[in-house]
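So you can see what is in the structure, the chains are spelled out below.
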Amino acid sequence: MSETSSNLMLSTSRLSMKFGGLTAVNDFNLEIGKNEIVGLIGPNGAGKTTAFNVITGMYNPSEGKVFFQNRDITGLKPHSITALGIARTFQNIRLFKEMSVLENVLVACHMSIKSGMFASTLHLPGYRAREADARRFSMELLEKVGLSHLAYEKGTSLPYGQQRRLEIVRALATKPKMLLLDEPAAGMNPQESLELMKFIRKIRDEFDLTIFLIEHHMQVVMGVCEHMYVLDYGVTIAHGDPASIQKNPKVIEAYLGVD
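Residues numbered from 1 in each chain as written. Predicted model: local features only at pLDDT ≥ 70, side-chain atom pairs only at ≥ 80, totals over all residues. Heavy atoms only, no water.

Participant: Got a minute to help me understand the sheet that holds strand 6 (residues 86–88) in this structure?
Facilitator: Taken together, the six strands give an open sheet; going across it, the order is 6-7-8-3-9-10, and neighbouring strands pair in mixed fashion. Both outer strands of the open sheet, strand 6 and strand 10 (235–240), are each paired with one neighbouring strand and no more. Averaged over all pairs of adjacent strands, the angle between their axes in this sheet comes to 15 degrees, without regard to strand direction. Packing of helix 1 (residues 48–55) onto the sheet brings it into contact with strand 3 (37–41), strand 6, strand 7 (178–182), strand 8 (210–214) and strand 9 (227–232), and relative to strand 8 it is tilted by some 140 degrees. Packed on one face of the sheet, helix 6 (residues 160–172) meets strand 6 and strand 7 and runs near 150 degrees to strand 7. (Pairing = 2+ DSSP bridges. Helix = DSSP H or I, 4+ residues; strand = E, 2+ residues; numbered from the N terminus. Axes fitted to C-alpha atoms, helices over the stretch in contact; angles between N-to-C directions. Contact = heavy atoms within 4.5 Å.)

Participant: It is not clear to me how the packing of aromatic side chains should be interpreted in this structure. Could you clarify?
Facilitator: Ring pairs (aromatic) are described by centroid distance and by the angle formed between their planes. This structure, assessed with the given rule, holds three aromatic pairs. With 5.3 Å between their ring centres and 80 degrees between their planes, phenylalanine 19 and tyrosine 59 make a pair best called edge-to-face. Remark: tyrosine 59 occurs in the loop between helix 1 and strand 4 (63–68) and phenylalanine 19 occurs in strand 1 (residues 8–19); sequence separation between them is 40 residues. Relative to tyrosine 229, the ring of phenylalanine 28 lies with its centre 6.1 Å away and its plane at 80 degrees, an arrangement referred to as edge-to-face. Taken together, the positions of phenylalanine 28 in strand 2 (residues 22–33) and tyrosine 229 in strand 9 put the pair 201 residues apart, joining distant regions of the chain. Assessed through its relative accessible area of 0%, phenylalanine 28 is described here as buried. When its relative accessible area of 3% is taken as the criterion, tyrosine 229 is described as buried. (Phe/Tyr/Trp six-rings, centres within 6.5 Å; stacked < 30°, edge-to-face > 60°. Buried < 20%, exposed > 50% of the residue type's maximum accessible area, 1.4 Å probe, protein only.)

Put into structure tokens, the structure is as follows:
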């Protein structure tokens, strides 16, 4: 896959991450074009989440570069990368336990509310107006994804599939251009997984997003992704469309352990 520079959202060049003598990701080259849904798959321990952590600034790479919209973002802090337009979710759901659905989304909105401590403490008119805008925007997001009727329920009281959806909505509240989803179908039943595929396509189209996801659920990743990369022991062993990945001997061997 090759994208023109104007259409390229995310790319990596010879990206490597080492922990002591262990190489978790080795010479990883990636290209994702605007509005694509791209998957990253591989057996457990293949280096997938490590690659996400490097891209989103949680780790500084041992070698290589990360580019977002042709800008070098290598080594930037996670909050700076989020501000540029990359949001992510995690393998384990990270909702705020005592907060409502709406409050969980508002937390993410506050990243873009610029007010000093004096204004926020005294609730000056400018701060109150921005707070009202954030609440309105959060409710609009919840409405678009079918969660507005649960706005005042505790986030962690929702069924598992809806908690996953809420976590994605919270990422959307940062107004990203690109969304990284780390195993969004983990723990879901078949019906929830089917609904997730529709949801991912919907938010890509409705929010004009580019989506990069890690997933072990093969029905989901094969059903929603247009292009895929496969890691094994930190090395890219294949990339291409889902049909070619399914038939690739190296991928079959990595997953099934057969010659």
